[in-house]
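Analysis of the macromolecular model
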Amino acid sequence: MRDGYDVLVVGAGPAGLAAAAAAAGHGARVGLIDAQAGAGGQVWRREVARTGPALARRGIAAALGHPGVAWLPQTQVVGAEAGALLVEDPQGGRWLGYRALVLAAGARELLLPFPGWTLPGVTGAGGLQALAKQGWPLRGCRVVIAGSGPLLLAAAVTARRHGAELLGVYEQAGGEHLRRFARGLWRWPGKAAQAAWMRARLAGVPYRCGSVVRRASGEARVQAVEVDGPHGLQRIACDLLAVGYGLLPNVELARLLGCALRQSGAHPCVDTDSRQRTSVEGIYAAGELCGIGGRDSARLEGAIAGHAAAGDDAGAARLQRPRRHARRFAERLDRHFALDPRVRALAEADTVICRCEDVPLSALDGHADARSARLATRCGMGACQGRICGGALAELGRFPRDGSRPPLFPARLSTLAADPVSFRDP
Amino acid sequence: MSAPVRLQINGHGVEVPPGTSVAAAIARLGLPFRRSVQGHWRAPLCGIGVCFECRVRIDGLAQQRACMLPVREGMQVWTDA
Ligand SMILES: Cc1cc2nc3c(=O)[nH]c(=O)nc-3n(C[C@H](O)[C@H](O)[C@H](O)COP(=O)(O)OP(=O)(O)OC[C@H]3O[C@@H](n4cnc5c(N)ncnc54)[C@H](O)[C@@H]3O)c2cc1C
Ligand code: FES
């Protein structure tokens, strides 16, 4: 016998946690799954030997502490059918049934290829933050942070707290964009306070606008980077380079389930109505998945989805105004941190694009779509299933990401053989 | 602070605080992670289970993402080194 739930929530970040708590508050039997061992998603990822911020602790406790919520950590969705998801946990594979499904799978970083980006010691910006929070040694390490967006500052704060020597934060957006962004921040006092707090923690660390890392070099690992800034090229010797160009939604499961997507810039996100309903009956989506919006819109949309999935339309209606306000902040981010065309032209002919299969940019010439490139070069056929190169190629304007195929993540054979009729109806 | 977790990486014993990821434990020893299909060294990129650059063998299971797994007492980890 397998488990079935009234409401099954995928992803235990701010959106999924809020959805689980809201649905359980209406008496629904809720299953909350996440591939990670801890709840909190990206922003509330726990740090080794450190208690999280109060907001995070409250958000996590409201869901995990609710008797109506079954918390299923280290559980990854690998496949789907109408009314049930195939999941894998350390014990094996099984199907989980649901009446309503809330997708809250969040976002990953947009990682763009440049010469040297495959060297050990080159990570994403949020990537370095996530690694550091789980004990990656940074004490005494010379770190360069680069890319775009407020995540660079958050990553820098975490790295410094872990003892890194920050050589600088290099933001690709120009100074005039950032000044305009900062002037509008007063309408979101929480964000303004957060920005001030981060800047105070980064006192003495150079923050340079209009600057792009063009190249990383080193023997067995990164030893230096070349930064192209308003005052020309600069070479910086370092031990680590953390570089991320913003975020893109993890739409793979939604796409497999047939939910309609819409384009947000070069990348797809899940299309929903004001009640977070997707185009598929009984399936809701919330948070970064519906377009990059950050923690606040994720929490609000999660709660809206949870109320709606449990049948409380009034609850969902009450949160519309704050949700719109939070989303407007995201629109500003998008505008002011728009990518400079320079960053789409960093890869050279021999720069590896598909890291899983070592496919260089030149091998993709002449292919009009992802499918043809995949068949000829194996680009996107490796373990990450095109999650890194697919996002990069879409951003580079080569070709858009195409369909999702099961299994969504490499899974054990025994998981794929799990009997689909063995879940119990709620 | 709670007691450290002991595990083995490529046969070396290592002690780390509970909650540390396998990836971080490998990095503390300064060991490389894996070789790409063309034989180049690779190490964690995304930190969140998406890129698969941190794959190692754990307790006999190949292709495990080291960034996703907290250390466990007695774990046996092998990198491509
Ligand atoms: C690396 C990184 C670091 C970040 N750091 C910050 C920060 O410091 N501050 C900040 O304000 N914002 C940060 N963000 C932005 C972040 O996207 C939002 O702040 C917020 O976490 C979004 O909430 P969410 O609930 O929509 O998604 P997330 O918090 O991303 O949660 C989604 C969850 O879904 C799980 N999941 C996804 N797919 C599956 C699957 N198939 N099976 C099972 N589980 C799955 C993931 O493991 C994840 O825990 C970061 C983003 C990234 C990618
Ligand atoms: S570092 Fe990307 S999957 Fe582990």
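Scroll up for the structure.
One structure accompanies this document, and this report is about it.

Quick notes on the packing of helix α4 (residues 151-161) of chain A against helix α6 (residues 189-201) of chain A
The geometry of a pair of packed helices is captured by two quantities: the angle between their axes and the separation between those axes. Residue and element names in this part refer to chain A. Interaxial distance between α4 and α6 falls to 10 Å at its minimum, and their mutual angle equals 40 degrees. By the angle class used here, α4 and α6 are oblique. The two elements α4 and α6 cross, and the hand of that crossing is left-handed. Along its contact with α4, which presents Leu153, Ala154, Val157 and Arg160, the element α6 presents Trp197, Met198, Arg199 and Arg201. Split into classes, the residues belonging to the contact of α4 with α6 amount to five nonpolar, no polar and three charged.

Regarding the site of ligand 1
Around ligand 1 sit 30 residues in total, of which Ala15(A), Asp34(A), Gln42(A), Gln129(A) and Glu288(A) are the nearest. This site is not confined to one chain, since residues near ligand 1 come from chains A and B. Note that an oxygen atom of ligand 1 is positioned 2.9 Å from one of the backbone N or O atoms of Gln42(A). Within the contact set of ligand 1, an oxygen atom lies 3.3 Å away from a backbone nitrogen or oxygen of Val43(A).

Quick notes on the interface of chain B and chain A
On the side of chain A, 36 residues touch chain B, which itself brings 35 residues to the contact. Of the roughly 2700 Å² buried where chain B meets chain A, counting both sides, 62% is carbon and sulfur surface. Three residues, Leu45(B), Ile48(B) and Val50(B), lead the burial of chain B against chain A; their summed loss comes to 23% of the area buried on that side. Ionic pairing is found between Asp358(A) and Arg42(B), a salt bridge with its closest N-O pair at 2.6 Å. Here chain B is connected to chain A by nine residue pairs in polar contact (both at pLDDT 80 or more). If you list the elements that add at least two residues to the side of chain B that touches chain A, you get α1 (22-28) and β4 (41-42) of chain B.

Considerations on the pairing of strand β1 (residues 4-10) of chain A
Residue and element names in this part refer to chain A. Burial analysis of β1 places six of its seven residues in the buried class, which makes it a mostly covered element. Bridging between β1 and strand β6 (residues 92-103) involves six bridges; their strand directions are parallel. The residue bridging leucine 8 from the neighbouring strand is leucine 101, located in β6. The handedness of the β1 to strand β2 (residues 30-33) crossover, carried by helix α1 (residues 14-25), is right-handed.

Reading the values: rules and limits
- Residues numbered from 1 in each chain as written.
- Chains lettered and ligands numbered in written order.
- Predicted model: local features only at pLDDT ≥ 70, side-chain atom pairs only at ≥ 80, totals over all residues.
- Heavy atoms only, no water.
- Axes fitted to C-alpha atoms, helices over the stretch in contact; angles between N-to-C directions.
- Helix = DSSP H or I, 4+ residues; strand = E, 2+ residues; numbered from the N terminus.
- Parallel < 35°, antiparallel > 145°, perpendicular 65-115°, else oblique.
- Left-handed = near helix turned anticlockwise from the far one by under 90°.
- Contact = heavy atoms within 4.5 Å.
- Nonpolar A, V, L, I, M, F, W, Y, C, P; charged D, E, K, R; others polar.
- Near = heavy atom within 4 Å.
- Polar contact = N/O pair within 3.5 Å; in protein donor to acceptor, adjacent residues only side chain to side chain.
- Buried area = accessible area lost by both parts, 1.4 Å probe.
- Salt bridge = Lys/Arg side-chain N within 4 Å of Asp/Glu carboxyl O.
- Buried < 20%, exposed > 50% of the residue type's maximum accessible area, 1.4 Å probe, protein only.
- Pairing = 2+ DSSP bridges.
- Right-handed = clockwise from strand over helix to strand, strands pointing away.

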